[in-house]
Amino acid sequence: MNPFSSGTRLRDMIRAIRASKTAAEERAVVRKECAAIRAAISDNDHDYRHRNLAKLMFIHMLGYPTHFGQMECLKLIASPGFPEKRIGYLGLMLLLDERQEVLMLVTNSIKQDLNHTNQYIVGLALCALGNIGSAEMARDLAPEVERLLKFRDPNIRKKAALCSIRIIKKVPDLAENFIHAAASLLSEKHHGVLITGVQLCIDLCKISTEALEHFRKKCTDGLVKLMRDLANSPYAPEYDISGITDPFLQIRLLRLLRSLGKDDADASDTMNDILAQVATKTESNKNAGNAILYECVAAIMSVEDNGGLRVLAINILGRFLSNRDNNIRYVALNMLMKALAVDSQAVQRHRTTILECVKDSDPSIRKRAVELVYLLVNESNVKPMTKELIEYLEASDPEFRGDLTAKICSIVEKFSPEKIWYIDQMLKVLSEAGNDVKDEAWHSLIVVITNASNLHGYAVRSLYRSVQAAGEQETLVRVAIWCIGEYGDMLVNNAGRLDIEEPLTVTESDAVDVLETSFKSHSFDLTTRAMCLIALLKLSSRFPTCSQRINDIIVQYKGSFVLELQQRAIEFNSIIARHQNIRPSLVERMPVLDEATHSGRKAGSVPAAVSTSQGVSVNLPNGVAKPSAAPLVDLLDLSSDDVPAPSSSGGDFLQDLLGVDLVPVSSQSGTNQAQVSGTNVLLDLLSIGTPSANSSPSTIQASPSNVDTKSPMDLLDRLSSPSAPSVQVSTTAGSSPMLDLLNGFPSSSPIAVTEGNGLAYPSIVAFESSSLKLTFNFSKQPENPQTTLIEASFTNKSGEVLTNFIFQAAVPKFLQLHLDPASGNMLPANSSGSIMQKLKLTNSQHGKKSLVMRIRIAYKVNNKDVLEEGQVNNFPREL
Amino acid sequence: MIHFVLLISRQGKVRLTKWYSPYSQKERTKVIRELSGMILTRGPKLCNFVEWRGYKVVYKRYASLYFCMCIDQEDNELEVLEIIHHFVEILDRYFGSVCELDLIFNFHKAYYILDELVIAGELQESSKKTVARLIAAQDSLVEAAKEEASSLSNIIAQATK
């Protein structure tokens, strides 16, 4: 066989791929090559193994699957020659990552190569270990790497140092083995070894306080001297970058000094002089010099306080901030955030420049600047800063607006000196960028308005004006609709006019006009339109002259295809047409919404009363499960005390809203029934507008959708025929369907329905922290008492979305655990969803020992990794 | 720490990828797609940093190629720019005024050079000369092995003629 005829050369394959005119053509070339390579692999072709692997790497880079080549890497690595090993290791690093099992097979080859006589082969093995080594490999090969830190050739020592970083990151327990070897690297002359040695020390300091103490005591002086030699060094061509000797090494030295000087006065004292020298003497007209200055400022900010140095550092940042180079301005903003914690006064001096950066054309800079501005705002400067930001809102890019409005809303809410100012600013934001405003922001605006009783008239009139000017901003319209519904009379009669207000003449029909236009507008979503209907109902009572017109509008929607609108239209029409006598009390103003509850909810800390009540759906004797008060409370922002007792029929707000006369229906068993359905209507009425505001961690959240289709009808039946008690009789008699209806939400319902064989157990809250709640539901197969099936359900109580959610569990030896994959890895905020995961636990000592489990939950919030751990000891004993 | 290095052409074609943190194959494709969308569309005068998933990506354009490195929030962005430039200068010296085609046809060489420069996401060597010397030494080892092999196959060919 002629060895020169098998397959194309690498170069030819690349040419053929590049010559492909379409993606399909490219795929065809790749498919042909892959087929040839697979054939060569199955023939166990030695001669072209390295060429085939090179081709595979190229194919891999184009994004095609190449897993079939993984074993070839191992074979090449295992072959004796350097060229084969070189390409084999390259393929290994490219085609595999540390999570692949194949990697286990290569540990032994790497171990042999680490002991190879050829130093280049040792280098290859170190490089592979450093780049893709797993924790197991790190543990197995750490002694070899430790030994290589003292290898005769510096190029191996530097590789071993970086490899050690990987090892201690993977297995932090091994850190102490490396402390002394790392310290001795610091006295070397070779720059490569120094750079890597210093880096190793930096990482050791992060992992081990023992290392930090050791370096602080033994190495600070040496490092300062090294830094001084470098800073004063004459021109060194090999390491020179635009007139500076080895900026890479200088930066790493500064970084290590920063770790050593942090929280240690002595060490900080030792390095003060050199930091001052670097800060003053380093050339700042080239990037390399600025990189050093930047690192030096970071070091000054971290080490123990020294007034003079701090001034120096802040001045450097000020210079950076006015630099024309965007990169420099970016890092200046970045560092000023850190400086804020140290010396906020000095940072405030640069406020104007920073505000300018918010308007920069570069999104990266804008983002940094907005974040910094957000931190800069305080009670004394909130007014001018907000003014600037709102003015800028007008000119900002659409994609930046979301960020900016969120920050403005948050600033305004946090620092507003008075309510009227807050309302004014929010109206400006809503008029300018209403479509970017988050739900929480406009919800809080409404809460504030209801609480400022002297500003009701002012607010509704300002809103009326704003809507006339910016009627296309949906959230503005929503707030306006809500306020017109509540305070429409004040709009018309100018009640509570403030001196600063211009007079405004609005007729009753003008007010209804606003609602009608918004209601009929197609650009608004269901929430807005449903809110319009409620406002219209309210106005029908406030403005008797417009009542007929409003009824006409409502009647048109009795046939709406949108269920929600149709239902409301029918309900409201029947209220207007048949229940004149109760309507005024039904549409009275909403009670003042509680600010504390609202803000508490937003912060994610739900009041205790709510979180306990939601767990216990009371199973009433008549078989009707009454959903606990939580959703109701949630919707109306009332504290749970305000939930009406079933017997109260007087002035409770249920009546306020709907005027459901509970008296005729409150026959003995019907009370709870009416209570329940009344609640649901209420839910129904209000829930739709505020799905994301419901931050109760309750699973009952899911229930309205199941319930609202039926029970309001129920209620309406009753409204129209209050003399027909049969309705209640049937519902109470058929108690279990009702139970189903109300507990129709996920099976995590706390009521464990006891099956005939009695193999149901109470569910437990296995773990609860400020942001997470984990519930376990148990079941067992009767034929297999040792095995318990657990359904874990996670909910997120915080206001932030949790991503990359991973649940891990460990059990003692007498238990066996099997975890099924979770239903997802993302948990929406405010308990608005859950992750389910099934676990199977087998207890080999069933009856003797009860279950126990350690759990670990990892997730990302705001891109920060969070790890929560706990132990579950409260398993029911009989499991 | 550098989490990954990407070389992307102006057309969005990947020329080199090196991952120092574990990313599955699927994630890698997604990361590349996301970042090339972000970076290739940025104007020429904007700063060289983009914030992405809680990390920072430092990029720099050289002719038709974008060199991107993803680093942690607290890392020194300016220094990473310098590392990128360091890498480019070494490539330039090795290939003799490097161009995109060099990196396409000799992609493995570019990887070898990167491996002499960065291990475990950290810089290994600040001297361009040292890197060049180490690469040359290893290349000559390969050459020597090739020659030996071809002389062997000549002998075999002669013997079996």
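Since the structure is predicted, the reported quantities are computational estimates derived from the model, not experimental observations.

## What about the sheet that holds strand β5 (residues 764-768) of chain A?
All names here are of chain A.
Then step 1. Overall, antiparallel pairing links the five strands, which are arranged β5-β6-β7-β10-β9 in an open sheet. Lying at the two open borders of the sheet, with one neighbouring strand each, are β5 and β9 (815-819). The average undirected angle you get between the axes of adjacent strands in this sheet is 25°.
Then step 2. Note: strand β6 (residues 772-780) against strand β7 (residues 787-796), nine bridges, orientation antiparallel. Its bridge partner lying in β7, Leu-774 is registered against Phe-794.

## A closer look at the confidence of the model for chain B
Residues and elements named next belong to chain B.
Then step 1. For chain B, per-residue confidence averages 91 on the pLDDT scale, and 99% of positions sit at 70 or higher.
Then step 2. In the model of chain B, helix α5 (residues 128-160) stands out as the element of lowest mean pLDDT, 87, in contrast to strand β5 (residues 65-71), which has the highest, 95.
Then step 3. Interface confidence for the predicted complex, expressed as ipTM, amounts to 0.94; the pTM equals 0.66.

## Comments concerning the sheet that holds strand β4 (residues 55-62) of chain B
All names here are of chain B.
Then step 1. The strand order across the open sheet formed by five strands is β2-β1-β5-β4-β3, and the pairing between neighbours is antiparallel. Bordering the open sheet on either side are β2 (14-19) and β3 (49-52), each of which pairs with just one other strand. On average, adjacent strands in this sheet sit at an angle of 20° to one another, irrespective of strand direction.
Then step 2. Where β4 and β5 come together, seven bridges link them in antiparallel fashion. In the strand pairing of β5, Val-57 is matched with Cys-70.

## So, the interface of chain A and chain B
Then step 1. At the interface, 70 residues of chain A touch 64 residues of chain B.
Then step 2. Roughly 6000 Å² of surface becomes buried between chain A and chain B when both sides are summed, with 55% attributable to carbon and sulfur atoms.
Then step 3. Its largest share of buried area at the contact with chain B, chain A owes to A:Met61, A:Arg86 and A:Phe248, together 12% of the area lost on that side.
Then step 4. Between A:Asp362 and B:Arg42 there is a salt bridge whose closest N-O contact spans 3.0 Å.
Then step 5. Taken together, chain A and chain B are joined by 28 residue pairs in polar contact (both at pLDDT 80 or more).
Then step 6. Looking at the side of chain A that touches chain B, its residues break down into 31 nonpolar, 18 polar and 21 charged.

## Thoughts on the pattern of salt bridges
Then step 1. Taken as a whole and assessed by the stated rule, the structure comprises 42 salt bridges over all chains.
Then step 2. Between A:Glu295 and A:Arg258 there is a salt bridge whose closest N-O contact spans 2.9 Å. Here A:Glu295 is found in helix α15 (residues 287-302), whereas its partner A:Arg258 is found in helix α13 (residues 247-261), with 37 residues between them in sequence.
Then step 3. Linking A:Asp513 and A:Arg549 is a salt bridge whose minimum nitrogen-to-oxygen distance equals 2.6 Å. Residue A:Asp513 is located in helix α27 (residues 508-520), and its partner A:Arg549 is located in helix α29 (residues 547-556); the two are separated by 36 residues in the primary sequence.
Then step 4. Beyond isolated ion pairs, a larger network of salt bridges with shared partners links A:Arg252, A:Arg255, A:Arg258, A:Glu295 and B:Glu79.

## Thoughts on empty space enclosed by the protein
Then step 1. Considering all chains together, one arrives at 10 cavities of 30 Å³ or more under this definition.
Then step 2. The set of elements that each furnish at least two residues to the lining of the largest cavity consists of α5 (82-95), α7 (119-132) and α9 (154-170) of chain A together with α4 (107-117) and α5 of chain B.
Then step 3. Counting residues per element, the lining of the largest cavity draws most heavily on α7(A), which supplies five residues.
Then step 4. Viewed by domain, the lining of the largest cavity spans two of them, domain 1 (1-96) and domain 2 (101-207) of chain A, each represented by three or more residues.

## Some details on helix α12 (residues 209-231) of chain A
All names here are of chain A.
Then step 1. Between its first and last C-alpha atoms α12 spans 29 Å; for 23 residues at 1.5 Å apiece the expected length is 33 Å, and the helix comes up short by more than 12%.
Then step 2. By the largest-angle criterion, Cys-219 marks the main kink of α12, which is about 60°.
Then step 3. Every buried residue of α12 is accounted for by Ala-211, Leu-212, His-214, Phe-215, Arg-216, Cys-219, Thr-220, Leu-223, Val-224, Leu-226, Met-227 and Leu-230.
Then step 4. Its side-chain oxygen at 3.2 Å from the backbone nitrogen of Glu-210, Ser-208 defines the N-terminal cap of α12.

## Structural notes on the packing of α27(A) against α29(A)
All names here are of chain A.
Then step 1. Close contact between α27 and α29 brings their axes to 11 Å; oriented N to C, the two are set at 5°. As far as their axial angle goes, α29 and α27 are roughly parallel. Between α27 and α29, the residues in contact are Ser-509, Val-512, Asp-513, Glu-516, Phe-519 and Lys-520 and Arg-549, Ile-550, Ile-553 and Gln-556, respectively.
Then step 2. For the contact of α27 with α29, the residue count by class is four nonpolar, two polar and four charged.

## As for the nonpolar core
Residues and elements named next belong to chain A.
Then step 1. Core analysis: the largest hydrophobic core is formed by 267 residues, its most contacted members being Leu-92 and Phe-215.
Then step 2. Contacts of Leu-92, omitting those with residues within four sequence positions, involve Cys-73, Leu-74, Ile-77, Leu-103, Val-106, Ala-128 and Ile-132.
Then step 3. Phe-767, Ile-855, Ile-857 and Val-872 belong to the second-largest nonpolar core, a separate cluster that totals 29 residues.

## With respect to the environment of A:Leu515
All names here are of chain A.
Then step 1. Structurally, Leu-515 is set in helix α27.
Then step 2. On the basis of relative accessibility, which here comes to 0%, the residue Leu-515 falls in the buried class.
Then step 3. With 30 residues separating them along the chain, Leu-515 and Gly-485 place their C-alpha atoms 8.9 Å apart.
Then step 4. Not counting residues within four places of it along the chain, the set of residues in contact with Leu-515 comprises Ile-481, Ile-484, Cys-532, Ala-535, Leu-536 and Leu-539.

## Re the confidence of the model for chain A
Then step 1. Of all residues in chain A, 80% have pLDDT values of 70 or greater, and the mean over the chain is 76.
Then step 2. Segment residues 604-758 of chain A is flagged for pLDDT under 50; beyond a separation of four residues in sequence, or across chains, it makes 225 contacts in the model.

## Points about the packing of helix α21 (residues 382-395) of chain A against helix α22 (residues 398-415) of chain A
Residue and element names in this part refer to chain A.
Then step 1. Where α21 meets α22, the axes come as close as 11 Å, and the angle between the chain directions of the two elements is 155°. If you check the angle between α21 and α22, you find them roughly antiparallel. Note that α21 runs across α22; the crossing there is left-handed. Residue-level contacts link Val-382, Thr-386, Leu-389, Ile-390, Tyr-392, Leu-393 and Glu-394 of α21 to Phe-400, Arg-401, Leu-404, Thr-405, Ile-408, Ile-411, Val-412 and Phe-415 of α22.
Then step 2. A class-by-class count of the residues in the contact of α21 with α22 yields 11 nonpolar, two polar and two charged.

Reading the values: the criteria
Residues numbered from 1 in each chain as written. Chains lettered and ligands numbered in written order. Predicted model: local features only at pLDDT ≥ 70, side-chain atom pairs only at ≥ 80, totals over all residues. Heavy atoms only, no water. Pairing = 2+ DSSP bridges. Helix = DSSP H or I, 4+ residues; strand = E, 2+ residues; numbered from the N terminus. Axes fitted to C-alpha atoms, helices over the stretch in contact; angles between N-to-C directions. pLDDT = per-residue confidence, 0-100. Contact = heavy atoms within 4.5 Å. Buried area = accessible area lost by both parts, 1.4 Å probe. Salt bridge = Lys/Arg side-chain N within 4 Å of Asp/Glu carboxyl O. Polar contact = N/O pair within 3.5 Å; in protein donor to acceptor, adjacent residues only side chain to side chain. Nonpolar A, V, L, I, M, F, W, Y, C, P; charged D, E, K, R; others polar. 1 Å grid on protein atoms, 1.4 Å probe; cavity = no way out; pocket = protein on both sides within 12 Å on 5 of 7 lines; lining within 4 Å. Points joined across faces, edges and corners; volume = space filled by probe spheres on them. Domains from an automatic or database assignment. Expected span 1.5 Å × (residues − 1). Bend = angle between axes of the 7 residues up to and from the residue. Buried < 20%, exposed > 50% of the residue type's maximum accessible area, 1.4 Å probe, protein only. Parallel < 35°, antiparallel > 145°, perpendicular 65-115°, else oblique. Core = buried A, V, L, I, M, F, W, Y, C linked by side-chain atoms within 4.5 Å. Left-handed = near helix turned anticlockwise from the far one by under 90°.

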